[in-house]
Amino acid sequence: MANHATLSLHDSEEVVEVDFSALMQAIPSALPPNPITDYFLVTDKLKAKIIAAGLQNDSELLGLLTLGVVSSVEFYVRNILCSVATLCPVASRTSEMSTVAFGSKAFYDKSPYSWLLSHFDAESLADAEKIKNACKKFTGLKVTDDSSVCKVLDDFEKLCELRHCFVHCRGFVGLKASHAL
């Protein structure tokens, strides 16, 4: 990490060294659990870290928890779409013409996760419309406006709006976000 405890971020001549290799984790070698169990394992671990630190009322950590939950939901949705394409012949046929980056496929081939996840490597699924579009494009299934899935995605949209506030506005809720929320 950095050579000293306090960084002078405004000093353009300062050299900051970060050892990314020390921060990276190896690809898990064991078979991952099913998508919903995987989601709960990740989010429960995040929640436990915040509670164990006694910082559950810290707004910055709430923001980090929100980022973690949205990330977990995105991965869950990717996992589900890939599972549908594996199990359903219609979805398999729909997704077979999708292109993937060779490097992405090679990465997932070395992991316990399906290489089909490489279809979503360069896509964000952090809003309801993107998830609906990915569902239609990848599986051929349309999420209708009167479905329970649509209601859940609309609620997820609110969480994504909060994520947007934490990521881009340091936690402040601007005019657009306040209207959306």
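Scroll up a little and you will see the structure.
Since we're looking at a predicted model, the values are computed, not measured.

Q: Would you mind going over the nonpolar core with me for this structure?
A: Across soluble globular proteins, you tend to see nonpolar side chains buried next to one another. If you look at the biggest cluster of nonpolar residues, it comprises 25 residues, and the most contacted ones within it are Val73, Val77, Leu81, Phe120, Leu125, Ile131 and Phe156. Contact partners of phenylalanine 156, with chain neighbours within four places excluded, come to Val70, Val73, Leu125, Ala126, Asp127 and Ile131.

Q: Help me understand the layout of surface pockets, please; the structure alone is not making it clear to me.
A: The probe, sized like a water molecule, is rolled over the atoms to show the empty space still left. Estimated volume of the second largest pocket: approximately 330 Å³. Every residue lining the second largest pocket is counted, 16 residues in all, and those nearest its centre are Tyr76, Val77, Ile131, Val149 and Leu153. At the level of secondary structure, the elements contributing two or more residues to the lining of the second largest pocket comprise helix H3 (59-87), helix H6 (128-139) and helix H7 (148-169). The element best represented in the lining of the second largest pocket is H3, accounting for 6 residues. Residues belonging to the lining of the second largest pocket are distributed by class as follows: 14 nonpolar, 2 polar and no charged.

Q: Just checking my understanding: could you explain the environment of alanine 128 for this structure?
A: With respect to the secondary-structure elements, alanine 128 resides in helix H6. Assessed through its relative accessible area of 4%, alanine 128 is described here as buried. Along the backbone, alanine 128 and aspartate 154 are 26 residues apart, and their C-alpha atoms lie at a distance of 6.2 Å. When neighbours within four sequence positions are excluded, alanine 128 is seen to be in contact with Leu153, Asp154 and Glu157.

Q: Help me understand the side chain of histidine 119, please; the structure alone is not making it clear to me.
A: Along the chain, the position of histidine 119 falls in the loop between helix H5 (102-109) and H6. With a relative accessible area of 11%, histidine 119 lands in the buried category. The contacts of histidine 119, once residues within four sequence positions are left out, are Ser95, Ser98, Thr99, Val100 and Phe138.

Q: It is not clear to me how the environment of asparagine 34 should be interpreted in this structure. Could you clarify?
A: On the secondary structure map, asparagine 34 appears in the loop between helix H1 (20-23) and helix H2 (35-52). Note: C-alpha distance between asparagine 34 and isoleucine 80 (46 residues apart in sequence) is 9.2 Å. Within the structure, the side chain of asparagine 34 is placed 2.9 Å from the backbone nitrogen of threonine 37, a separation counted as a polar contact.

How each quantity is defined
Residues numbered from 1 in each chain as written. Predicted model: local features only at pLDDT ≥ 70, side-chain atom pairs only at ≥ 80, totals over all residues. Heavy atoms only, no water. Core = buried A, V, L, I, M, F, W, Y, C linked by side-chain atoms within 4.5 Å. Buried < 20%, exposed > 50% of the residue type's maximum accessible area, 1.4 Å probe, protein only. Contact = heavy atoms within 4.5 Å. 1 Å grid on protein atoms, 1.4 Å probe; cavity = no way out; pocket = protein on both sides within 12 Å on 5 of 7 lines; lining within 4 Å. Points joined across faces, edges and corners; volume = space filled by probe spheres on them. Helix = DSSP H or I, 4+ residues; strand = E, 2+ residues; numbered from the N terminus. Nonpolar A, V, L, I, M, F, W, Y, C, P; charged D, E, K, R; others polar. Polar contact = N/O pair within 3.5 Å; in protein donor to acceptor, adjacent residues only side chain to side chain.

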